[in-house]
Amino acid sequence: MVCLGNICRSPLGEGILREKIKKTKVEITIDSAGTANYHIGEHPDKRTIENALKHNIDISTLKARQFSVEDYDNFDLIFVMDSSNYSDVISLARNNEDVRKVEMILNRVYPNANMSVPDPYFGGEQGFENVFTILNNACEIIADSLNKSK
Ligand code: 4NP
């Protein structure tokens, strides 16, 4: 899961997907990263932690890191939150195999629409709940497809 800062959207996506995968027999590594270096080493934004906790998901111990080219070697699927994350991640791709790993996460819900998960960082509490609803829906679809392809 990749966003800009790795403190709002992608750590929430990581936490939600982990909870959903826990309920299956699928064994995968789930992680998140940011394209920017602003928040490296920081825990998720307080508002994201609180929002996730409201839904019984604890992401308080996660720490932000920056996406790097090695992530292409370590992961099979790379879900980005918005079109600018997409360009930033694709700019590090070394070949077509890398490019094929990258998907706009909402294309799993609305195929080929290239919709972005809105960045809640500069907004109010409602923005965080909105992101939760959006990512919860997308992660349900992702978890189902991983479970079926097992
Ligand atoms: P995220 O949100 O990409 O969902 O983690 C943001 C976090 C921090 C900033 C922007 C977006 N920032 O400009 O510091």
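So, a few notes on the structure that sits alongside this text. Within any chain, residue numbers begin from 1 and follow the written order of that chain's sequence. This being a predicted model, a pLDDT of at least 70 is required before a residue's local features are given, and a value of 80 or more before pairs of side-chain atoms are given or counted; all residues contribute to the totals for chains, interfaces and linings. The basis for every side-chain value is the complete set of non-hydrogen atoms in the structure, without hydrogens or water.

Nearness here has a simple test: a residue counts as near a molecule or strand if at least one of its heavy atoms is within 4 Å of that partner. In the neighbourhood of the ligand, the contacting residues comprise Cys3, Leu4, Gly5, Asn6, Ile7, Cys8, Arg9, Tyr38, His39, Asp119 and Tyr121. Residues adjacent in sequence count toward polar contacts only when both atoms are side-chain atoms; beyond that, a polar contact is any pair of N or O atoms within 3.5 Å, and within protein one must be able to donate a hydrogen and the other to accept it. Contact distances for the ligand include 2.8 Å between an oxygen atom and a backbone N or O atom of Gly5. Within the backbone of Ile7, one N or O atom sits 3.0 Å away from an oxygen atom of the ligand. We get accessible surface area from the Shrake-Rupley algorithm with a probe of 1.4 Å; when it comes to residues, only the shown protein chains can shield them. Taking 350 Å² as the accessible area of the ligand by itself, protein coverage stands at 91%. Only Asp, Glu, Lys and Arg are considered charged in this grouping, and only Ala, Val, Leu, Ile, Met, Phe, Trp, Tyr, Cys and Pro are considered nonpolar; every other residue, Gly among them, is considered polar. Of the residues assigned to the shell around the ligand, the class counts are six nonpolar, three polar and two charged.

On to helix H2 (residues 46-54), then. Those residues of H2 that fall on the buried side of the exposure criterion are Thr48, Ile49, Asn51 and Ala52. Relative to the axis of H2, the buried residues are bounded by an arc of 165° and lie together on one face. Exposed side of H2, more than 90 degrees from the buried face: Lys46, Glu50 and Lys54 are the residues found there. On its buried face, H2 sits against helix H1 (9-22) and helix H6 (125-148). Working definition: with a 1.4 Å probe on protein chains only, accessible area under 20% of the residue-type maximum means buried, over 50% means exposed, and in between means partly exposed. Secondary structure counts use DSSP, requiring at least four H or I residues in a row for a helix and at least two E residues in a row for a strand, with both numbered from the N terminus. As used here, the arc is the angular range of directions from the helix axis to the C-beta atoms. Any two residues having at least one pair of non-hydrogen atoms within 4.5 Å are treated as being in contact.

What follows concerns the packing of H1 against H6. Axis separation between H1 and H6 bottoms out at 9 Å; the angle between their running directions is 45°. In terms of axis orientation, H1 runs oblique to H6. The element H1 and its partner H6 pack so that their crossing is right-handed. Residues Arg9, Leu12, Gly13, Ile16, Leu17, Lys20 and Ile21 of H1 lie in contact with H6, whose contacting residues are Val131, Phe132, Leu135, Asn136, Cys139, Glu140, Ile142, Ala143 and Leu146. Of the residues assigned to the contact of H1 with H6, the class counts are eleven nonpolar, two polar and three charged. To obtain each axis, a line is fitted to C-alpha atoms, and for helices this fit is confined to the stretch in contact; angles are then taken between N-to-C directions over 0 to 180 degrees. To sort the angles, those under 35 degrees are grouped as roughly parallel, those over 145 as roughly antiparallel, those from 65 to 115 as roughly perpendicular, and the leftovers as oblique. Left-handed describes a crossing whose near helix is turned anticlockwise from the far helix through less than a right angle; right-handed describes the clockwise counterpart.

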